[in-house]
Amino acid sequence: DLMAQYKVSSSPLREALTRLRQDGLVKVIARRGYTVTELSLKDFHELMQMRLIIEGAAAELAAPRVTDKHIFEMRRLSSAKLVVGDKVSYRQFMQANQDFHEKIAEIADNGRLRRAISQMFDEMQRLLFADLDLGDGEELEHDHDEIIEALALHDGKRARTAIIRHVKQSRDRVIGRMIRQQKDFEGTNIFE
């Protein structure tokens, strides 16, 4: 089905599925194919812990290296808006957000930090998309101002604190949405 849908031969498809399996995004079902892995609450918790550690370090390392050009680029990325219900804006918003966070590691001049941040975002993409999809019907904006301000001041400790606060707010928003979604489901009679 995937070969027909994406108009590719079996070799590149097999390579892609192998990579997705290595990244933990799909799992093999013996003699049947593949299925998308579920992201458990434990997985989400571990990813958020890693973000707090890695992105905090990246921000602190980046602070002394930040230039006016970097600040301009971070502001541009942070200005992307999300319009609830507009799937194209979801992708643009999410990509700008990931690019923003990767930019900080790039400024820190640490390729390993950048790759780790990229991988974390790849793993969290489904939950972050779900968080956006359950919006309250208003345009959403990135909340990176405090991070940008600390980096512009070349204040590493303040940048670390700002990004940690940002990651925790993101975590709390996703968990809040998950809890509300669960409560909404509990109040529904699926047999009516």
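Residues numbered from 1 in each chain as written. Predicted model: local features only at pLDDT ≥ 70, side-chain atom pairs only at ≥ 80, totals over all residues. Heavy atoms only, no water.

Turning next to the pairing of strand 2 (residues 33-36). Pairing of strand 1 (residues 26-29) with strand 2 involves 4 bridges; the strand directions are antiparallel. Bridge assignment links V28 to a residue of strand 2, and that residue is Y34. In sequence, strand 1 turns back onto strand 2 through a hairpin of 3 residues, with R31 there showing a positive phi of about 55°. (Pairing = 2+ DSSP bridges. Helix = DSSP H or I, 4+ residues; strand = E, 2+ residues; numbered from the N terminus.)

Applying the stated rule across the entire model yields 11 salt bridges. A salt bridge links E60 to R160, with the nearest nitrogen and oxygen atoms 2.4 Å apart. In this pair, E60 is assigned in helix 3 (residues 41-62) and R160 in helix 8 (residues 156-186), connecting sequence segments 100 residues apart. Judged by relative accessible area, E60 falls into the partly exposed class, the value being 25%. Judged by relative accessible area, which is 30%, R160 ranks as partly exposed. Two residues, E73 and R76, come together in a salt bridge whose shortest N-O distance is 2.7 Å. Remark: R76 and E73 occur in helix 4 (residues 68-78); sequence separation between them is 3 residues, near one turn of the helix. On the accessibility criterion, E73 (22% relative accessible area) is partly exposed. For R76, a relative accessible area of 45% gives the class partly exposed. A network of salt bridges, in which partner residues are shared, links E102, K103, E106 and R114. (Salt bridge = Lys/Arg side-chain N within 4 Å of Asp/Glu carboxyl O. Buried < 20%, exposed > 50% of the residue type's maximum accessible area, 1.4 Å probe, protein only.)

A separate point is the environment of Y34. In this fold, Y34 is placed in strand 2. Exposure remark for Y34: the relative accessible area of 38% places this residue in the partly exposed category. As a C-alpha pair, Y34 and L17 span 17 residues in sequence and 8.1 Å in three-dimensional space. Apart from residues lying up to four places away in sequence, Y34 is in contact with L17, V26, K27, V28 and I29. (Contact = heavy atoms within 4.5 Å.)

All right, on to helix 7 (residues 145-152) then. Along helix 7, the positions that sit buried rather than exposed are I147, I148, A150 and L151. Taken down its axis, helix 7 places every buried residue within 165° of arc, on the same side. H154, located one to two residues past helix 7, shows a positive phi value of around 60°. (Arc of directions from axis to C-beta.)

Located in the positive-phi region is R31, a residue other than glycine, with phi close to 55°. Relative to the elements of secondary structure, R31 occurs in the loop between strand 1 and strand 2. Backbone geometry places H154, a non-glycine residue, at a positive phi of 60°. By the element assignment, H154 lies in the loop between helix 7 and helix 8. The class for H154 is partly exposed, based on a relative accessible area of 42%.

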